[in-house]
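Commentary on secondary and tertiary structure
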Amino acid sequence: MKKASVTTALLLAVCLSATTGFCDTRKGEKINGKKEFAEHCAICHPNGGNTINSTKPLHRKALKANGVKSAKDIIAKMRNPGPSMTKFDEKTISNKEAQAIAEYILKTFK
Ligand code: HEC
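Residues numbered from 1 in each chain as written. Predicted model: local features only at pLDDT ≥ 70, side-chain atom pairs only at ≥ 80, totals over all residues. Heavy atoms only, no water.

A word on the packing of helix α4 (residues 71-79) against helix α5 (residues 95-108). Their axes nearest at 9 Å, the elements α4 and α5 cross at an angle of 120 degrees. Our classification of the angle between α4 and α5 gives oblique. Considering how the two elements wind past one another, α4 and α5 form a crossing that is right-handed. Counting all contacts with α4, which are made through Ala-71, Ile-74, Ile-75, Met-78 and Arg-79, the residues of α5 involved are Asn-95, Ala-98, Gln-99, Ile-101, Ala-102, Ile-105 and Leu-106. (Axes fitted to C-alpha atoms, helices over the stretch in contact; angles between N-to-C directions. Helix = DSSP H or I, 4+ residues; strand = E, 2+ residues; numbered from the N terminus. Parallel < 35°, antiparallel > 145°, perpendicular 65-115°, else oblique. Left-handed = near helix turned anticlockwise from the far one by under 90°. Contact = heavy atoms within 4.5 Å.)

See the structure below:
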């Protein structure tokens, strides 16, 4: 009986640490661009539009016309935006998160 409970406790400890480990890894690697976009950008860019300046939405054609052609260009806009857009530095949105948001924009708003 005593042996069994020790085994159970050990197993539990291993499982718990494994679970935590998995969670950390997933959090670090898998960033949800859609969620990040909803959180930081959708207020002014719902469905890829632009509630403040309708000539600068996030649809591919408009982006291209405004010289925004790649994920890198979108990230540059977050770091150094035009008039009336919130500035997002690395403390607010990490490079990884910014990349995920940019990819989400490019694949979602066509
Ligand atoms: C407070 C409102 C606001 C928020 C929040 C906001 N934007 Fe903007 N965004 C704007 C405005 C206004 C412009 C047009 C700026 C200009 O005149 O250059 C713009 C322009 C852009 C452009 C250039 C679009 C084009 O067609 O030239 C990109 C890319 C962009 N935003 C991405 C983002 C991303 C990504 C986020 C979230 C991380 C975000 N924006 C959050 C208001 C906002």
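Back to the write-up after that little detour.
With that settled, consider a positive patch on the surface. On the surface, a cluster of positive charge is contributed by Arg-60, Lys-64, Lys-69 and Lys-110. By the secondary structure assignment, Lys-69 is in the loop between α3 (60-65) and α4. (Patch = residues over 30% accessible without salt bridge, like charges linked within 9 Å, V, L, I, M, F, W, Y side chains within 5 Å. Areas by Shrake-Rupley, 256 points an atom, 1.4 Å probe, with all protein chains shown as cover. Salt bridge = Lys/Arg side-chain N within 4 Å of Asp/Glu carboxyl O. Lys, Arg positive; Asp, Glu negative; His and termini not counted. Charge placed at Lys NZ, Arg CZ, Asp CG, Glu CD.)

The next point concerns the environment of His-59. Turning to its location among the elements, His-59 is positioned in the loop between α2 (33-40) and α3. You can call His-59 partly exposed: its relative accessible area is 27%. Counting along the chain gives 48 residues from His-59 to Lys-107, while the straight-line C-alpha distance between them is 9.7 Å. (Buried < 20%, exposed > 50% of the residue type's maximum accessible area, 1.4 Å probe, protein only.)

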